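Below, each chain spelled out in residue letters.
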2 protein chains.
Amino acid sequence: MVSKSMGTAADAEAAFYDAIARADINVLMALWADDDDIVCVHPGGSRLTGHAEIRASWEQVFERGGVHINVSRLHETHNMMTAVHSIVEEVHQAEDRQPDVHVIATNVFLKTAQGWRIVIHHASVAPGRAPSHQPPGTVLH
Amino acid sequence: MVSKSMGTAADAEAAFYDAIARADINVLMALWADDDDIVCVHPGGSRLTGHAEIRASWEQVFERGGVHINVSRLHETHNMMTAVHSIVEEVHQAEDRQPDVHVIATNVFLKTAQGWRIVIHHASVAPGRAPSHQPPGTVLH
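Analysis parameters
- Residues numbered from 1 in each chain as written.
- Chains lettered and ligands numbered in written order.
- Predicted model: local features only at pLDDT ≥ 70, side-chain atom pairs only at ≥ 80, totals over all residues.
- Heavy atoms only, no water.
- Helix = DSSP H or I, 4+ residues; strand = E, 2+ residues; numbered from the N terminus.
- Salt bridge = Lys/Arg side-chain N within 4 Å of Asp/Glu carboxyl O.
- Buried < 20%, exposed > 50% of the residue type's maximum accessible area, 1.4 Å probe, protein only.
- Phe/Tyr/Trp six-rings, centres within 6.5 Å; stacked < 30°, edge-to-face > 60°.

Asker: I'd like a description of unusual backbone geometry, backed by residues and values.
Answerer: The general pattern is negative phi for most residues beyond glycine and trans for most peptide bonds. Of note, Ala 23 of chain A is a non-glycine position whose phi angle comes to about 55 degrees, a positive value. Locating Ala 23 of chain A in the fold gives a position in the loop between helix H1 (9-21) and helix H2 (25-30).

Put into structure tokens, the structure is as follows:
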């Protein structure tokens, strides 16, 4: 079940990554808006739309277990009914080694009658290493 | 100047791609929300935030002239103040040859006091050829 404390978009985003870490497909899918036009793009992947395609893709991911993703460097724009999050994802799957992939994700949440729900998750691979271990604004020289 | 007919998110998106085609940096930048947390990700690129970084990136793109992008396959979720667009971009630069890159873009527009403005443009390269010349739902056999 989705937590009843889903009072903000940040709560919904935390629940999203928690469900991915636990490979909990039912909780994960319950966090999406009830809309055929929801969109998910995995890093390097094609566009998936609607609950059936998106569920199938995560079931495939979860065949290898949960994926631990640390989220950092949030940039947010929002209004009363919408939160647009841009984040950097540190992805750890299987062995707990240093992430060597730099993934940028856009997550958009809309406030629905059922609470905050995700409508788009668009992740892509960026060049170079993730800047996750540098605090924002650090000058290295 | 930005057209006064910017009454919908679709108008803002049309103006966005029109400015890119004409390499009009001032119109392009006027379409973004007045917010330091705006985000732009070019295909295969890193995350750019804020007006200065985003402007500099498009100025660099426009050194080779405008970029003609045909937009297709819109999936949209929205509320009164927000439009979340997922599209496929057919990109034509310089020579007018067939696009061989399959680009997916997420564009999010918020309704501001100044009208509909873009807050995030996240483009990424997907595998294979763009499905642009197949009408949605076409069965090929």
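The discussion continues.
Asker: Give me the lowdown on the pattern of salt bridges, citing residues and values where you can.
Answerer: Any two side chains of opposite charge can pair, given that their charged atoms come close. Scanning the model with the defined rule gives 6 salt bridges over all chains in all. In this structure, the salt-bridge partner of Arg 55 of chain A is Glu 59 of chain A, at a minimum N-O distance of 3.6 Å. Here the residue Arg 55 of chain A and the residue Glu 59 of chain A both occupy positions in helix H3 (residues 50-62), the gap between them amounting to 4 residues, near one helical turn. Of the residues examined, Arg 55 of chain A reaches a relative accessible area of 29% and is grouped as partly exposed. Residue classification places Glu 59 of chain A among the partly exposed residues on the basis of a relative accessible area of 37%. The partner of Arg 22 of chain B in a salt bridge is Asp 24 of chain B, with the nearest N and O atoms 3.2 Å apart. Classification of Arg 22 of chain B as partly exposed rests on a relative accessible area of 45%. Each of Asp 18, Arg 22 and Asp 24 of chain A takes part in one network of salt bridges that share partners.

Asker: Tell me about the packing of aromatic side chains, residues and numbers included.
Answerer: Residues and elements named next belong to chain A. Per the counting criterion, the structure on display carries 8 aromatic pairs over all chains. For the pair Phe 16 and Trp 32, a centre-to-centre distance of 6.1 Å together with 70 degrees between the ring planes defines the contact as edge-to-face. With Phe 16 in helix H1 and Trp 32 in the loop between H2 and strand E1 (39-41), this pair connects stretches of sequence that are 16 residues apart. Of the two residues, Phe 16 and Trp 32, neither departs from the other in class, the shared state being buried. Taking the centre distance of 5.8 Å and the plane angle of 40 degrees together, the rings of Trp 58 and Phe 62 count as tilted. Placement of the pair is Trp 58 and Phe 62 together in helix H3, with a separation of 4 residues, close to one helical turn. Given the relative accessible area of 4%, Trp 58 is considered buried. Ring-pair connections join several aromatic residues into one group, and the members of that group are Phe 16, Tyr 17, Trp 32, Trp 58 and Phe 62.

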